[in-house]
Amino acid sequence: MRRLLLLLLGLLLLQQGRCFEFVIDGEWEEETSHVQDHRERHKRAILTSEEEEDFEAIRGDDITVRSYKVESRITSRFAHTTVRSSVVNSGSKAQSIGFNVQIPKRAFITNFTMNVNGITFVGSVKEKTVARNLYAQARARGKAAGIVRANSQDMETFKTEVHVPPGSNIEFELHYQEMMHRKLGFYEHSLYLQPGRLVPQFQVDVYIYEPKGISMVETPNTLGAQFAEQIKVTSTKDKAHIVFKPNLHQQRKCDNCTGSAIDGVFTVKYDVTRESNAGELQVSDGHFVQFFAPSNLSPLPKNIVFVIDVSGSMWGVKMKQTVEAMQAILDDLTIDDHFSIIDFNHNVRCWSEELVPGSSIQIADAKRYIQGIKPNGGTNINEALMRAVQMLVKASNQGLIDPRSVSMIILVSDGDPTVGEIKLSTIQKNVKRVMREEFSLFSLGIGFDVDYDFLERIAMENRGMAQRIYANHDAADQLRTFYSQVSSPLLRRITVQFPEDSVSDVTQNRFDKYFSGSELVVAGKVLPSDSNTLTSFTTASAARLDITLETEADTAELDTELAQQEHSFTGFARQMWAYITIKQLISERSLAPTAAKKRKITQRIMALAVEHQFVTPLTALLVESEDAKERLLADSPKDPKHGCCSGGGIGGGSASSALAPVRVVYQPPPWVQMTTQPPPSQAEKGPEEWALPQQVNLVDNDPHFIVHLPRSNMDVCFNIDSKPGHILNLVSDAGTGVVVNGQLIGSKQMHKNKLNTYFGTIAVYYQPDGVSVTVSTTSIAMTDGRNNHSFTWGATADIRQDGVRISIMKNSHVSITINNNIQVMVLLHRVWKKHPVNVDFLGLYVAHDNQYSPLVHGLIGQFSREPDVSVYDVREGVDPLKKEATMEVKGNRLQVTRGWQKDYRHDKRRGSNVYCWFIHNSGKGFIDGHYTDYIVPHLNSFLQTL
């Protein structure tokens, strides 16, 4: 549920002595969890008026806020935010001044400092029991303060209050850190701005540095139209600076108003440049972070069972919003998807007892069913979930669903169970027992009546996630947005691995599925090594194909770059690793089966949080004056309806034991392999072992053909002078169903009165599987008629689908193998982008021992049947370096010239010379017919019989 942050400080003036005393009272985590009586639950779905109390960043009756500044430094998706404010008590009396900051729920506070009339208070994170013991003296004075609740959708509140005499100067400074989560194709950084008054020096700065580049950055106009011109964005390839600095006049609600118009969330959205689908591996400060966010892949089919609570508490706006959202969600389903709907109160009903395809007829019927629902009765969650799992199991057992599809249950509920099995732990065990490994459960809790912690546990334990839906006017939008995040699964069974003895303390590196627009992140420590390169291997299953992707990073390069950046966060990798690890340990702790296991995980969390200075549910921020005589305390109070931190006795123990905590060496969570498995054999071998045999037929450059004739032990060359746009057939074999075609492109301009042509695209089509591989100078695309996948030249990869295998060597070549007996290699030639004439182009190398059928033909394919060739009358030519001769082949007598062409397989820059007899006039007399006979209409076209 909500994790509440509180720092309530009383800074009291004691008689004439100018001493300061600090008091706090908060919700401390109990040693045992408490089970609430369902009958005594306070049922509500919206925030109370007290909770919607006006929020002000700076509170006080007669004060002057000199400055309010917010600065965020985002480096490689990790943000460090600092909020600073300078305030003066301008009144004639002592008063309490509040400093309040709303921060994202997923963030960890890392420090808070305060300076009051020259006395500085500095924060440090300690285990909660240690901090409580150090603070015991102040608390023993019997002072008390109230708890302030914060129920914002995405924010929680940090509150400070200090009591100061007139004329006092106070400076507040709060630091917090968070990892940016990618959703729907972008990262979103939010800063809550509500100063509550005019501020002479008001400024927000967001600095973004992404080493691989920023593809987009924008600032949605969430603060109001009057501030649209005050938000300035400056960006380069890899950096962006967003600044918001309104002057006093611009801050006013109106020309004569004294109130501030700044009231809302300042949002920055951005995404990064991705060179390939292999992801981005970054190494810094002895730690690595692997980001994985592939695109240009066809979605996997979905099997969804919607389980909707229709009990009496759903009556009204909640049911109306749910119905509205379901209308749009159902429209998103395709004919390849399967679905059904279960609605439940004290009874369980199924719209369809079996999964049905997402056809227009079925969707229309499902919409009518949803609209006819009338909420009433109790809540039988257990039976509804059991029925949903049974539906998926039945469809799977009967082979009705694609084995590569993604099966999920989406539960929408607003309350706790009241009928049937009502014990939450038993429901959790029941669901876990029947759920299969390939199924996922997603939980949506509407309002505040539901035990969100239970929904979160049951989702996490079954490879899903949970989200609270706030029961207000935009609940339908919240439901639709959540569905959008899971509606397009691209990959299953993703594993990120590293060579043995190269890394340690790896966070979760196996993922059940990847959804379009999101991102998977793996972090860990880099072990000392003689190598300056770290390599990762990512394996995954997509629609009808299996993928292995390789990426690498220089272990020193990024630190050098960061040192040169003025506004980067140099410790991002170390902190991100700790952040991810602690978050995963907190999740693991909530699922711990025994108290001993929970205590062990608790110790790991506390040790890491103290080392990396994170305020977590298990640690507190102790703020001390420089002489350590005055202390303040900030912690994360437990939400009474969010039990992730209850139990385990973490607050127990005597004062003496709290003062001398046992040092705990961090151990990785159980899902981590300390020594990761060796990478797949084909990736470990390296692309060089996929190379073609020594003897090949090839076409390269502009375009030069080289045909090897093994019986005659000679090579024959010819050029084809055709036009840009023409598609030439190179191999056409109706017997095996294989086609290789190449499309010509022209140089940028004529050179010596001639426009050179090159192959810009080469396509390999395998008709039996309907698989087409299209290689261009920018990408490698694969389609089977229903699914489309695209990869770049930017990463080494291995892709398999049925009998087709594609092996990509980063920025070098791609090998395409069909049924292990036909292989071609496409070589990438890159030129200087600003060259006035030359363009990027491709070369094709075809294995001479390919096993074609007798029907094979094409400019290259025809020579799988070697013609009889006789060369005689060798003589001096016009060029003394090039002899001339007569060649008899296919009943033709040709005048040929001795020369050489280039094989670029081993040296792409200079190539190696292949000496050959050159046939003039576009191979006339050596090839069957005329070269124009080999022009075909489409990249997948077979050659018509000559």
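For the structure, see preceding data.
A few points on the structure. The model shown is predicted, which means the values in this text are computed figures rather than measured ones.

On to the sheet that holds strand β26 (residues 503-504). Pairing is antiparallel across the open sheet formed by four strands, whose spatial order is β16-β17-β28-β26. Of all strands in the sheet, those with a lone pairing partner are β16 (280-284) and β26, marking the two edges. Helix-sheet contacts for helix α10 (residues 572-590) involve β16, β17 (287-292) and β28 (520-526), and the interaxial angle to β17 is about 70°.

Core analysis: the largest hydrophobic core is formed by 86 residues, its most contacted members being Leu 491 and Leu 844. Setting aside its immediate chain neighbours within four residues, Leu 491 contacts Phe 292, Pro 294, Leu 297, Leu 300, Asp 512, Lys 513, Tyr 514, Ala 540, Ser 541, Ala 542 and Ile 547. Core analysis: the next-biggest nonpolar cluster, separate from the first, contains 53 residues, Val 125, Val 206, Ala 261 and Val 272 among them.

Take the pattern of salt bridges next. Within this structure, the stated rule accounts for 41 salt bridges. One salt bridge connects Asp 798 with Arg 805, and the closest N-O pair in it is separated by 2.8 Å. The class for Asp 798 is buried, based on a relative accessible area of 2%. Linked through salt bridges whose partners overlap, the residues forming this network are Arg 77, Arg 182, Glu 210, Asp 271, Arg 274, Glu 280 and Glu 519.

Looking along a regular strand, one sees side chains alternate from face to face of the sheet. Burial within β16 is extensive, with five of its five residues counted as buried. Burial of the side chains of β16 extends over both faces: Glu 280, Gln 282 and Ser 284 are buried on one face and Leu 281 and Val 283 on the other. By the bridge criterion, five bridges tie β16 to β17 in an arrangement that is antiparallel. Each bridged residue has a counterpart across the sheet, and for Glu 280 the counterpart in β17 is Phe 291. Hairpin connection of β16 to β17: two residues between the antiparallel strands, including Asp 285 at a positive phi of 55°.

Along the chain, the position of Lys 212 falls in the loop between β11 (201-209) and β12 (214-218). Exposure remark for Lys 212: the relative accessible area of 37% places this residue in the partly exposed category. Discounting chain neighbours no more than four positions away, the residues touching Lys 212 are Thr 273, Glu 275 and Glu 280.

With that out of the way, let us pick up the environment of Gly 858. With respect to the secondary-structure elements, Gly 858 resides in the loop between β46 (841-847) and β47 (869-875). Taking the C-alpha atoms as reference, Gly 858 lies 9.9 Å from Tyr 931; in sequence the two are 73 residues apart.

Our next topic: the state of the cysteines. Scanning all chains against the criterion turns up two disulfides. Here Cys 254 is linked by a disulfide to Cys 257, with a sulfur-sulfur distance of 1.8 Å. Since a negative S-S torsion denotes a left-handed disulfide, the Cys 254-Cys 257 link at about 90° is right-handed. Between Cys 717 and Cys 916 runs a disulfide, and the two sulfur atoms are separated by 1.9 Å. In this structure, the disulfide formed by Cys 717 and Cys 916 twists by about -120° around the S-S bond and is classed as left-handed. On the criterion of sequence distance, the pair formed by Cys 717 in strand β35 (residues 714-719) and Cys 916 in strand β50 (residues 912-919) is long-range, its members being 199 residues apart. A residue is classified by how much of its surface remains accessible, and Cys 916, at 1% relative accessible area, is buried. Each bonded cysteine of the protein is numbered by sequence order, and under that numbering the disulfide pairs are 1-2, 3-4.

Rules used in this analysis
- Residues numbered from 1 in each chain as written.
- Predicted model: local features only at pLDDT ≥ 70, side-chain atom pairs only at ≥ 80, totals over all residues.
- Heavy atoms only, no water.
- Pairing = 2+ DSSP bridges.
- Helix = DSSP H or I, 4+ residues; strand = E, 2+ residues; numbered from the N terminus.
- Contact = heavy atoms within 4.5 Å.
- Axes fitted to C-alpha atoms, helices over the stretch in contact; angles between N-to-C directions.
- Core = buried A, V, L, I, M, F, W, Y, C linked by side-chain atoms within 4.5 Å.
- Buried < 20%, exposed > 50% of the residue type's maximum accessible area, 1.4 Å probe, protein only.
- Salt bridge = Lys/Arg side-chain N within 4 Å of Asp/Glu carboxyl O.
- Disulfide = S-S within 2.5 Å.

That is the geometry; function is a separate question.
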